[in-house]
Amino acid sequence: SLPFLIRLFPGLLTKFVYLNFLAFPFFVDFRWPELLVNNTISLHLTTEPGVTVGVWHTVPGSRGAEAQGKDQRWYEEALADGHPVIIYLHGNGGTR
């Protein structure tokens, strides 16, 4: 009966294979990364019309003291200062 149910409800299969509805650790609000990770802010980039991607920008520990108390503009300017940028793609879990 399982293949029959999968055929009838393909969306159900994706929920149980990828577990997008789970956020770990539980009861953590990922919209406020500065509460979880030092020197981090949440940004939203528009990649094309109608598509917005949420990203976290974390500065390295060597710039941690400099980043204390800075606003979003400072973090955006830090991306353009010539230092290397590492992009980490977390996968398909639906949360950062």
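So, here is what we can say about the structure in this document. Given the structure is predicted, the values throughout are model-derived calculations rather than measurements. (Residues numbered from 1 in each chain as written. Predicted model: local features only at pLDDT ≥ 70, side-chain atom pairs only at ≥ 80, totals over all residues. Heavy atoms only, no water.)

## Remarks on the environment of E66
Then comes step 1: Relative to the helices and strands, E66 resides in helix α3 (residues 64-67).
Then comes step 2: For E66 and N39, which are 27 residues apart along the polypeptide, the C-alpha to C-alpha distance reads 9.3 Å. (Helix = DSSP H or I, 4+ residues; strand = E, 2+ residues; numbered from the N terminus.)

## Regarding the environment of K70
Then comes step 1: As for its position among the elements, K70 is in the loop between α3 and α4 (72-79).
Then comes step 2: By relative accessible area, K70 is classed as partly exposed at 40%.
Then comes step 3: Spatially, the C-alpha atoms of K70 and N39 are 9.1 Å apart, while their sequence positions differ by 31 residues. (Buried < 20%, exposed > 50% of the residue type's maximum accessible area, 1.4 Å probe, protein only.)

## Topic: the pattern of salt bridges
Then comes step 1: The full count for this structure, using the stated rule, is three salt bridges.
Then comes step 2: Between D81 and R63 there is a salt bridge, with its nearest N and O atoms 2.5 Å apart. You can see D81 sitting in the segment after α4 and its partner R63 sitting in the loop between β2 (51-58) and α3, a full 18 residues away along the chain.
Then comes step 3: Here R73 makes a salt bridge to E77, at a shortest N to O gap of 3.2 Å. Of this pair, R73 and E77 both sit in helix α4, four residues apart, which is roughly one turn of the helix.
Then comes step 4: Owing to a relative accessible area of 42%, E77 belongs among the partly exposed residues under this scheme.
Then comes step 5: Among the ionic contacts, a cluster of salt bridges with common partners joins R63, E66 and D81. (Salt bridge = Lys/Arg side-chain N within 4 Å of Asp/Glu carboxyl O.)

Taken by themselves, the reported measurements are silent on function.
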